[in-house]
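Residue-level structure breakdown
Spelled out from the first residue to the last, the chains are:
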Amino acid sequence: MTELGLPEEILACLFDLDGVVTKTAVVHAAAWKETFDAFLRERDGDDFRPFDAVADYDEYVDGRPRADGVRTFLASRGIHLPEGGPDDPPDAPTVHGVGNRKNDLLLAKIRSGGVEAYDSTLRYIEAVRAQGLRTAIVSSSANCRDVLRAIDAEDLFDVRIDGVVAAERKLPGKPRPDTFLAAAHDLGVQARQAAVFEDALAGMDAGRAGDFGCVVGVDRAGQADALYAHGADRVVQDFAELGGKE
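Overview of the structure. Quick caveat: nothing in here was measured; it's all calculated off a predicted structure. Residue positions are given per chain, counted from 1 along the sequence in the order it is written. In view of the model being predicted, local features appear only for residues whose pLDDT reaches at least 70, and side-chain atom pairs are presented and counted only at 80 or more, with totals across whole chains, interfaces and linings using the full set of residues. Side-chain metrics rest on all non-hydrogen atoms present in the structure, leaving aside hydrogens and water.

**As for the packing of helix α1 (residues 25–44) against helix α3 (residues 66–76)**
Using the following cut-off: The axes used here are C-alpha line fits, helices contributing only the stretch in contact, and every angle between their N-to-C directions lies in the interval 0 to 180 degrees. Here a strand is any run of E in DSSP of at least two residues, a helix any run of H or I of at least four, and the numbering for each starts at the N terminus. Convention used here: angles under 35 degrees read as roughly parallel, angles over 145 as roughly antiparallel, angles from 65 to 115 as roughly perpendicular, and any remaining angle as oblique. By definition, turning the near helix anticlockwise from the far helix through less than a right angle yields a left-handed crossing, and turning it clockwise yields a right-handed one. Throughout, a residue-residue contact means that at least one pair of heavy atoms, one from each residue, lies within 4.5 Å. Three classes are used: nonpolar for Ala, Val, Leu, Ile, Met, Phe, Trp, Tyr, Cys and Pro, charged for Asp, Glu, Lys and Arg, and polar for all others, with Gly counted as polar.
It is at 12 Å that the axes of α1 and α3 come closest, and there the two elements cross at 45°. Looking at the two axes, α1 sits oblique to α3. As α1 runs across α3, the sense of the crossing is right-handed. Counted together, W32, F36, F39 and L40 of α1 and R66, G69, V70, F73 and L74 of α3 form the full contact between these two elements. Tallied by class, residues from the contact of α1 with α3 come to seven nonpolar, one polar and one charged.

**Here's the deal with the sheet that holds strand β2 (residues 134–138)**
Filter applied, for reference: Strand pairing requires that DSSP identify at least two bridges connecting the strands.
Spatial ordering of the open sheet is given by β3-β2-β1-β4-β5-β6, a layout of six strands whose pairing is parallel. Only two strands of the sheet have a single neighbouring strand rather than two, namely β3 (159–161) and β6 (234–236). Along the sheet, successive strands turn relative to each other by an average axial angle of 20°, direction set aside. Taken together, the four bridges between strand β4 (residues 194–198) and strand β5 (residues 214–218) define a ladder with parallel strand orientation. When the sheet's bridge partners are listed, V196 is paired in β5 with V215.

**Some thoughts on the packing of α1 against helix α4 (residues 95–113)**
Between α1 and α4, the least distance of the axes is 9 Å, while the angle of their chain directions is 135°. When the axis of α1 is compared with that of α4, the two are oblique. Like other packed secondary-structure pairs, α1 and α4 cross with a definite hand, here right-handed. Residues V27, H28, A30, A31, W32, E34, T35, F36, A38 and F39 of α1 form the contact with α4, whose participating residues are V98, R101, K102, L105, L106, K109 and I110. Of the residues contributing to the contact of α1 with α4, the split by class is 11 nonpolar, two polar and four charged.

**Points about the pairing of β2**
We count it as follows: Throughout this description, buried means an accessible area under 20% of the type-specific maximum (1.4 Å probe, protein chains only), exposed means over 50%, and partly exposed covers the range between. Crossover handedness is defined here as right-handed if the route from the first strand over the helix to the second strand goes clockwise, with the strands pointing away from the viewer.
Burial within β2 is extensive, with four of its five residues counted as buried. Here strand β1 (residues 12–15) pairs with β2 via four bridges, running parallel. In the sheet register, L14 faces β2, and the bridge partner there is A136. Traced from β2 through helix α6 (residues 144–150) to β3, the parallel crossover comes out right-handed.

**Topic: the pattern of salt bridges**
What counts is decided by this rule: Any carboxyl oxygen of Asp or Glu that lies within 4 Å of a side-chain nitrogen of Lys or Arg is treated as forming a salt bridge with it.
Evaluated as defined, the whole model comprises 18 salt bridges. Between E34 and K109 there is a salt bridge, with its nearest N and O atoms 3.3 Å apart. Of this pair, E34 sits in helix α1 while K109 is found in helix α4, placing the two residues 75 residues apart along the sequence. Between E154 and R149 there is a salt bridge, with its nearest N and O atoms 3.0 Å apart. Salt bridges sharing partners connect three or more residues here, namely D16, K174 and E198.

**Here's the deal with the packing of aromatic side chains**
Quick reminder of the rule: Two aromatic rings from Phe, Tyr or Trp, using only the six-membered ring of Trp, form a pair when their centres are within 6.5 Å; if the ring planes differ by under 30 degrees the pair is stacked, by over 60 it is edge-to-face, and anything between is tilted. In this scheme, the term charge over a ring applies when either NZ of a lysine or CZ of an arginine sits within 6 Å of the ring centre and within 35 degrees of the ring normal.
Inspection of the entire model under this criterion finds 12 aromatic pairs. Consider the rings of Y124 and F197, whose centres lie 5.8 Å apart with planes at 65°: the pair is edge-to-face. You can see Y124 sitting in helix α5 (residues 119–130) and its partner F197 sitting in strand β4, a full 73 residues away along the chain. Given a relative accessible area of 1%, Y124 falls into the buried group. Exposure remark for F197: the relative accessible area of 0% places this residue in the buried category. Look at Y124 and F239: their rings are 5.2 Å apart centre to centre, the planes differ by 50°, and that puts the pair in the tilted class. Of this pair, Y124 sits in helix α5 while F239 sits in the segment after β6, and the two are 115 residues apart along the sequence. An aromatic cluster is defined as three or more aromatic residues linked by ring pairs; in this entry it consists of F15, Y124, F157, F197 and F239. Looking at R220, its charged tip hangs above the ring of Y118, at a distance of 3.5 Å from the centre.

And the structure:
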């Protein structure tokens, strides 16, 4: 292992955004809960079963592209909506309509509360780059660039593969490995030469499926066992555990 806590062959690091670089996972969970609870209440009345912002979030939406999250959670309740289109209004009873409602709520929450980064993650990324390793941000979020700019971290990444880029390139999202593989390709390294850093179970699945050289689970929610079960080689609660101190 190097002083960065990584195997010697690692030449690049691929970082998820929400929950790894920024403290926005809880904001996403709150926006999903507000969205799904309103949808379910309208559909089933006051006796609806609410969205669980921990269990349902982790299992069905965390780390997935927005539309995939809508489909996956609603399917778990036996609900199937028409797809609609990306420009559907947020009150449309479609997959994209529900997803757009969630995105509107998310942006409102971010605007009202701002965006906060994990300082230890930023320090680790700076140490990684100081050692000559290349870096990429890999996120299902279409708001990735705006969030990075909000925390003044856009320049910490050589490559950005986010929801916008994935849509342009028609890359399936996590738990498929395609977005991470695209980041490694754009950085000029093989998958075995890249480390994946993720807090979502879908991200662990993607890292395992892509046969990456190291998959690090970032445990922000007390789910270390689940992260290991989904493919983590190592689990940390904070990036300071990996090293990389200047």
